Amino acid sequence: SVKADGGNNYQFFKASTQSSAINRLNMESEMRKAIERGEFVLHYQPQINATSGHVVGMEALIRWQHPERGMIPPYHFISVAEETGMIVPIGEWVMYEACRQNKAWHDAGLAELKVAVNLSARQFSDRKLLDKVRHALKQSGLNPAFLELEITESVIMKDIEATIALLEEIASMGLSLAIDDFGTGYSSLNYLKRFPIDKLKIDKSFIDDVISSEDDGKIVEAIIGLSHNLKLNVICEGVEDAEQFAWLQERQCNEIQGYYFSKPLPADEFEAFVRSRNAIF
Ligand code: C2E
Ligand code: MG
Ligand code: MG
Ligand code: MG
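Along each chain, numbering runs from 1 in the same order as the chain's sequence is written. Key to labels: chains lettered from A, ligands numbered from 1, both in the order written. A pLDDT threshold of at least 70 governs which residues receive local features in this predicted model, and a stricter bar of 80 or more applies before side-chain atom pairs are shown or counted, although totals over entire chains, interfaces and linings include all residues. Calculation of side-chain values draws on the structure's entire complement of heavy atoms; hydrogens and water are dropped beforehand.

Enquirer: Sorry, what's going on with the packing of helix 6 (residues 129–140) against helix 8 (residues 160–172) here?
Expert: Pairs of packed helices are described in terms of their axes, by the angle between the two and the distance that separates them. Here the axes come from fitting lines to C-alpha atoms, over the contacting stretch only for helices, and the angles between their N-to-C directions go from 0 to 180 degrees. Under the DSSP-based scheme used, a helix requires at least four consecutive residues in state H or I and a strand at least two consecutive residues in state E, with every element numbered from the N terminus. One can describe the packing of helix 6 onto helix 8 by two numbers: an axis separation of 11 Å at closest approach and a directional angle of 15°. Considering their axes alone, helix 6 and helix 8 lie roughly parallel with respect to each other. Here helix 6 runs over helix 8; the crossing is right-handed. On the side of helix 6, the interface is formed by Leu129, Leu130 and Arg134, while helix 8 contributes Leu166, Glu169 and Ile170. Residues are grouped as follows: nonpolar covers Ala, Val, Leu, Ile, Met, Phe, Trp, Tyr, Cys and Pro; charged covers Asp, Glu, Lys and Arg; every other residue, Gly included, is treated as polar. Residues belonging to the contact of helix 6 with helix 8 are distributed by class as follows: four nonpolar, no polar and two charged. An angle counts as roughly parallel when it lies under 35 degrees, as roughly antiparallel when it exceeds 145, as roughly perpendicular when it falls between 65 and 115, and as oblique in every other case. For any helix crossing, the convention is left-handed if the near helix is rotated counterclockwise from the far helix by under a right angle, and right-handed if that rotation is clockwise. Contacts are assigned to residue pairs that have any heavy atoms within 4.5 Å of one another.

Here it is, written out as structure tokens:
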């Protein structure tokens, strides 16, 4: 579900994702400096309850505000961060920052929303993951009920028994868990019910043609049905127009995330969006 958006200004990073160890080393040290200098920022994309139209949550999405290269989207650095292991300290910052911002919004009297944070494979296999989650919650003061972790199918299907144990610990801390990009990876439906997960996020690639492709429509209907039967929350990402929204609403999809409602927004714009949107209905 990650798309390149073209521009030449990202050549440096594109080149370095493919090539030499030297470039990778450069990228690694740039990323290290970026953490120290506070160049990473989080944008927040609203998640809308399909029935009420209210914002009920948001996904925190990282961007790199580079002093020379401008705003760099995650597509251009997350995979290198994953390969070099830099995703571990970057992800730790993301977790803390998302919790801190969400707590500040709660304290400011904004509707109490859940924030979802993406976890990469590398973070998931970090032995200190639980300590880091606990630390982020403690430092920020955020109630764990308002933090959701997003993991992909490939990450959780790697070592089923170890995953179940880890997810159970996370769930027992009061956090919620969502499976991201659902439908694009390999999930054993048999194991799905053994995972203490709360939510399936249907991947954008199924939503794109949900109206025009009968197959995609059937797949989305089946995943929504599966979610309801397993008592899981279901959200569709990448909803871009009113027709897709209406189609999903009719089929009782619980939540919607997509450009139709809003792109990911800087914190101040997100706050304004929630204030106006949740006041209308
Ligand atoms: P994701 O977690 O699946 O996030 C959804 C992506 O879809 C976001 O792209 C979002 O902007 C985009 N999107 C949402 N609705 C629409 C829509 O209606 N149309 C279109 N065209 N796009 C839509 P973004 O922010 O570029 O992030 C891309 C990916 O980068 C994320 O996919 C996630 O895998 C990764 N990522 C972003 N932030 C983090 C992070 O903090 N940590 C880790 N590990 N990965 C991250
Ligand atoms: Mg994705
Ligand atoms: Mg995600
Ligand atoms: Mg996704």
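Enquirer: What is the right way to look at the coordination of the magnesium ion (ligand 4) in this model?
Expert: Around a metal, the idealised angle for a tetrahedral arrangement of four donor atoms is 109.5 degrees; for an octahedral arrangement of six donor atoms it is 90 or 180 degrees. Coordination of the magnesium ion (ligand 4) by the protein is provided by Asp180 (OD), Asp181 (OD) and Glu237 (OE), with metal-donor distances spanning 2.0 to 2.2 Å. Water is not part of the atom set, so a site may look incomplete; the donors themselves are N, O and S atoms within 2.8 Å of the metal, or 3.2 Å for Na, K and Ca. One chain supplies every donor for the magnesium ion (ligand 4), spaced along it as D-D-x55-E. The distance between the magnesium ion (ligand 4) and the magnesium ion (ligand 2) is 3.6 Å, with Asp181 acting as a donor to both metals. In this pair, Asp180 sits in strand 6 (residues 176–182) while Glu237 sits in strand 8 (residues 233–237), placing the two residues 57 residues apart along the sequence. Across the pair, Glu237 and Asp180 agree in class, each one buried. Here the term buried applies to any residue with accessible area under 20% of the maximum for its type, exposed to any over 50%, and partly exposed to those in between, with areas from a 1.4 Å probe on protein chains only.

Enquirer: I keep staring at the pairing of strand 2 (residues 55–66) and nothing clicks. Help me out?
Expert: Two faces belong to every sheet, and in a regular strand the side chains alternate between them. Among the twelve residues in strand 2, ten count as buried, and that is most of the element. The antiparallel pairing of strand 1 (residues 40–49) with strand 2 creates a hairpin that spans five residues between the two strands, and Gly53 there sits at a positive phi of about 80°. When strand 2 meets strand 3 (residues 70–72), the two strands line up antiparallel, connected through three bridges. Across the sheet, His66 pairs through a bridge with Gly70, a residue of strand 3. The antiparallel pairing of strand 2 with strand 3 creates a hairpin that spans three residues between the two strands. Pairing between strands is defined by DSSP: at least two bridges between the two strands are required.

Enquirer: What should I look at first to understand the site of ligand 1 in this one?
Expert: In the vicinity of ligand 1, 25 residues are found, and the nearest of them are Arg63, Asn118, Asp180, Glu240 and Tyr259. Between ligand 1 and the protein, one listed contact pairs a nitrogen atom with a side-chain N or O atom of Glu240 at 2.5 Å. Every accessible area reported is derived by Shrake-Rupley at a probe size of 1.4 Å, with residue values counting cover from the shown protein chains alone. In the complex, 87% of the free accessible area of ligand 1, which totals 800 Å², lies under the protein chains. When residues of the shell around ligand 1 are traced back to their parent elements, those giving at least two are strand 2, helix 4 (87–107) and strand 6. Looking at the shell around ligand 1 element by element, the count peaks at four residues for strand 2. A breakdown of the residues in the shell around ligand 1 according to their chemical character gives ten nonpolar, seven polar and eight charged. When at least one non-hydrogen atom of a residue lies within 4 Å of a molecule or strand, that residue is treated as near it. Whenever two N or O atoms come within 3.5 Å, that pair is a polar contact, provided that in protein one can donate a hydrogen and the other can accept it, and provided that, for residues adjacent in sequence, both atoms are side-chain atoms.

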